[in-house]
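Coordinate inspection notes
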Amino acid sequence: MATRVRRKNRRRGPDSSSSFDTTVPSPCLSVCIFDGRPYCKGCYRNADEIRDWMIMTREQKLHVLEQLDTRRKQDIARNLP
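My aim in this report is to walk through the structure given alongside it, one point at a time.

Thresholds applied
- Residues numbered from 1 in each chain as written.
- Predicted model: local features only at pLDDT ≥ 70, side-chain atom pairs only at ≥ 80, totals over all residues.
- Heavy atoms only, no water.
- Helix = DSSP H or I, 4+ residues; strand = E, 2+ residues; numbered from the N terminus.
- Buried < 20%, exposed > 50% of the residue type's maximum accessible area, 1.4 Å probe, protein only.
- Contact = heavy atoms within 4.5 Å.
- Areas by Shrake-Rupley, 256 points an atom, 1.4 Å probe, with all protein chains shown as cover.
- Core = buried A, V, L, I, M, F, W, Y, C linked by side-chain atoms within 4.5 Å.
- Phe/Tyr/Trp six-rings, centres within 6.5 Å; stacked < 30°, edge-to-face > 60°.
- Lys NZ or Arg CZ within 6 Å of the ring centre and 35° of its normal.
- Polar contact = N/O pair within 3.5 Å; in protein donor to acceptor, adjacent residues only side chain to side chain.
- Patch = residues over 30% accessible without salt bridge, like charges linked within 9 Å, V, L, I, M, F, W, Y side chains within 5 Å.
- Salt bridge = Lys/Arg side-chain N within 4 Å of Asp/Glu carboxyl O.
- Expected span 1.5 Å × (residues − 1).
- Arc of directions from axis to C-beta.

**Some remarks on the overall build of the chain**
For the chain, the count of helices and strands is 2 helices and 0 strands. Out of the 81 residues belonging to the chain, those deemed buried represent 25%. Relative to all contacts within the chain whose residues are 6 or more apart in sequence, the contacts with residues 24 or more apart total 51%. If you sum the accessible surface of the chain, you get close to 6,500 Å²; carbon and sulfur atoms cover 54% of it.

**With respect to the nonpolar core**
Counting 7 residues, the largest nonpolar core is built from Val 24, Tyr 39, Tyr 44, Trp 53, Met 56, Val 64 and Leu 68. Val 24 has contacts with Trp 53, Arg 58, Lys 61, Leu 62 and Leu 65, leaving out every residue within four places of it along the chain.

**Section: the packing of aromatic side chains**
For the structure on display, the rule yields 1 aromatic pair. When the centroid spacing of 5.5 Å and the interplanar angle of 35° are considered together, the rings of Tyr 39 and Tyr 44 count as tilted. Accessibility assignment for this pair places Tyr 39 and Tyr 44 in one class, buried. The ring of Trp 53 carries Arg 45 above its face, with NZ or CZ at 5.2 Å from the centroid.

**Focus: the environment of Arg 78**
Turning to its location among the elements, Arg 78 is positioned in helix α2 (residues 58-78). Of the residues examined, Arg 78 reaches a relative accessible area of 54% and is grouped as exposed. For Arg 78, the side chain forms a polar contact with the side chain of Tyr 39, separated by 3.0 Å.

**Considerations on the environment of Asn 79**
Tracing the backbone through its elements, the reader meets Asn 79 in the segment after α2. A relative accessible area of 53% means that Asn 79 is categorised as exposed.

**Quick notes on a nonpolar patch on the surface**
Residues Leu 29, Val 31 and Ile 33 make up a contiguous nonpolar surface patch of roughly 250 Å² in combined accessible area. Counting through the fold element by element, Val 31 comes out in the segment before α1 (47-52). Here Val 31 falls in the partly exposed class, since its relative accessible area comes to 38%.

**Description of α2**
At 3.6 residues per turn, the α-helix brings residues three or four places apart onto the same side. In this model α2 runs 30 Å from its N-terminal to its C-terminal C-alpha over 21 residues, within 8% of the 30 Å that 1.5 Å per residue would give. Among the residues making up α2, those that are buried are Lys 61, Val 64, Leu 68, Arg 71 and Asp 75. Summarising the axial view, the buried residues of α2 lie within an arc of 75°, below the 170-degree limit, and thus occupy one face. For α2, exposure combined with an orientation more than 90 degrees from the buried face picks out Glu 59, Glu 66 and Lys 73. The elements touched by buried residues of α2 are α1.

Everything listed is a geometric property; what it means functionally is a separate question.
Now the structure itself:
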């Protein structure tokens, strides 16, 4: 007999309706490279941020974008000679 796995509701924010925020464009560059880093080398998002982007609220997306800028700057500084 197969066991049913309950999936938790991954929608976020106060409204659990099926509407998604589309006001903040995805930072995806279609360059998905995880080369030992905890984030993508193309967009600097981690796997959870990539997976959850469509269900995040506007505020959550803007917070992630702020973090991406910091990650990008740190990555550039680490790779300077």
